[in-house]
Amino acid sequence: MRELVVLGTASQVPTRARNHNGYLLLWDGEGLLFDPGEGTQRQMLHAGVSATQVTRICLTHVHGDHCYGLPGVLSRMVLDGVEHPVHLHYPASGEAVVRALVAVSSGGVDLRLVPHGSAGAIAPGLEIRPLRHRIETYGYRLAEPDGRTLVRERLAAAGIAGPDVGRLQRDGRLGGVRLEDVSRPRRGQRFAFVMDTAPCDGAGELADGADLLVAESTFADDDAALAEQYLHLTAGQAGALAGAAGVRNLVLTHFSSRYPEVSGLEDEARRRAAAAVVRAANDLDRFGFPRRRPDG
């Protein structure tokens, strides 16, 4: 199963309707928890997800609204008897903050600290790129390897059926038939997480071709000067990021408390998002991945 569970959508301060940040990506048996702000543990209860599902925690940066929920989540893991290793990814410059947050949590989780300080792969299929914010910040990109989809008619024409199909997939060739002769390319699905940044090359690289992009949308376009001052995206800039990158689905989040109603932000993003489907997230929303493109 692949699904994004939105736990919180507020920036800087929570509101009556919006909790601090928190996003759980369920991906083929793994659970990647991004930027757990205050209250994430309680939001997980409301969302019907468990701390036992978390296998990686990914911090974009160490501003409080993106990490102060970490001790509660780790303590809940201890209470729930989590035995599997949990990898914690974060910018190396935030080491002192991360260690302080870990220190006040309950001990007992097999927690593996994985700091990073430059663009590149940090785990199988998981990459980071630097963003442009007031402190060191990285966005994340999770990509499934490209593969091939078998074409039933081609298999039938080649006389391949039953267990021979598995042998062909495993070995790449069966007799004189190659896997590529009876299949078509299948592009792997891609997820991107872009948070707390002004427009930058790293954001575009993360978003490139994403099936699902989560992007901050802190300010309205009319408040572009504030966005530049604090190094955040406006809704229109988030939409333009998705449009230029060929994103299929854009989920907006991280809204300033100055906007009690965010439908206008959604409209601003949609006008610049090209073919992307745009949604302004609410707490506890769930987003599935779109069906694969016909060409993979």
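This text follows the structure it describes.
Please read all numbers here as calculations on a predicted model, not as lab measurements.

Draft legend 1. Spatial organisation of the packing of helix 8 (residues 235-245) against helix 9 (residues 263-270). Axis separation between helix 8 and helix 9 bottoms out at 7 Å; the angle between their running directions is 40°. The angle between helix 8 and helix 9 places the two elements in the oblique class. Helix 8 and helix 9 meet at a crossing whose hand is right-handed. Between helix 8, through A235, G236 and G239, and helix 9, the contact on the second element is made entirely by L265, E268 and A269. A breakdown of the residues in the contact of helix 8 with helix 9 according to their chemical character gives 3 nonpolar, 2 polar and 1 charged.

Draft legend 2. View of the pairing of strand 17 (residues 277-280). Burial along strand 17 is one-sided: the face carrying V278 and A280 is buried and the face carrying V277 and R279 is not. Bridging between strand 16 (residues 249-253) and strand 17 involves 4 bridges; their strand directions are parallel. Bridge pairing links L252 to A280 in strand 17.

Draft legend 3. Looking closely at the pattern of salt bridges. Within the structure shown, the criterion is met by 18 salt bridges. The residue R112 makes a salt bridge to D110 at a minimum N-O spacing of 2.9 Å. Residue classification places R112 among the partly exposed residues on the basis of a relative accessible area of 39%. Judged by its relative accessible area of 31%, D110 falls in the partly exposed class. Among the ionic pairs, E266 bridges to R270, the shortest N-O distance being 3.0 Å.

Draft legend 4. How the structure looks around the environment of Y23. Looking at the element boundaries, Y23 is found in strand 2 (residues 22-27). Judged by relative accessible area, Y23 falls into the buried class, the value being 0%. The spacing of Y23 and F34 is 11 residues in sequence and 5.1 Å in space, taken between C-alpha atoms. For Y23, the side chain forms a polar contact with the side chain of N21, separated by 2.5 Å.

Draft legend 5. Quick look at the sheet that holds strand 5 (residues 86-91). If you walk across this open sheet you meet the 7 strands as 6-5-4-3-2-1-18, and the pairing is mixed. Bordering the open sheet on either side are strand 6 (111-116) and strand 18 (286-288), each of which pairs with just one other strand. On average, each strand axis in the sheet is inclined to that of its neighbour by 20°, with strand direction left out of account. Along the sheet, helix 3 (residues 95-103) makes contact with strand 5 and strand 6, crossing strand 6 at roughly 165°.

Draft legend 6. The layout of surface pockets, seen in detail. If you add up the space inside the largest pocket, you get close to 360 Å³. As for the largest pocket, its lining consists of 17 residues, of which S11, Q12, R134, Y230 and H232 are closest to the centre. Residues that form the lining of the largest pocket fall into these classes: 4 nonpolar, 9 polar and 4 charged.

Draft legend 7. Fine view of the packing of helix 1 (residues 40-47) against helix 2 (residues 70-79). Close contact between helix 1 and helix 2 brings their axes to 8 Å; oriented N to C, the two are set at 60°. Considering the angle they form, helix 1 stands oblique to helix 2. Every residue of helix 2 that contacts helix 1 at T40, Q41, M44 and L45 is listed here: G72, V73 and R76.

Draft legend 8. Just the packing of aromatic side chains, in detail. On inspection of all chains with the given rule, the structure shows 6 aromatic pairs. Between W27 and F289, the aromatic rings sit 5.5 Å apart at their centres with planes inclined by 75°, giving edge-to-face as the arrangement. Of this pair, W27 sits in strand 2 while F289 sits in the segment after strand 18; the two residues are 262 residues apart in sequence, bridging distant segments of the chain. Classification of W27 as buried rests on a relative accessible area of 9%. Judged by centre distance (5.7 Å) and plane angle (70°), the ring pair of F34 and Y140 falls under edge-to-face. Highlighted residues: F34 in strand 3 (residues 30-34) and Y140 in strand 9 (residues 138-143), separated in sequence by 106 residues.

Scoring rules and cut-offs
- Residues numbered from 1 in each chain as written.
- Predicted model: local features only at pLDDT ≥ 70, side-chain atom pairs only at ≥ 80, totals over all residues.
- Heavy atoms only, no water.
- Axes fitted to C-alpha atoms, helices over the stretch in contact; angles between N-to-C directions.
- Helix = DSSP H or I, 4+ residues; strand = E, 2+ residues; numbered from the N terminus.
- Parallel < 35°, antiparallel > 145°, perpendicular 65-115°, else oblique.
- Left-handed = near helix turned anticlockwise from the far one by under 90°.
- Contact = heavy atoms within 4.5 Å.
- Nonpolar A, V, L, I, M, F, W, Y, C, P; charged D, E, K, R; others polar.
- Buried < 20%, exposed > 50% of the residue type's maximum accessible area, 1.4 Å probe, protein only.
- Pairing = 2+ DSSP bridges.
- Salt bridge = Lys/Arg side-chain N within 4 Å of Asp/Glu carboxyl O.
- Polar contact = N/O pair within 3.5 Å; in protein donor to acceptor, adjacent residues only side chain to side chain.
- 1 Å grid on protein atoms, 1.4 Å probe; cavity = no way out; pocket = protein on both sides within 12 Å on 5 of 7 lines; lining within 4 Å.
- Points joined across faces, edges and corners; volume = space filled by probe spheres on them.
- Phe/Tyr/Trp six-rings, centres within 6.5 Å; stacked < 30°, edge-to-face > 60°.

Scope: geometric values only; no functional claims are made or implied.
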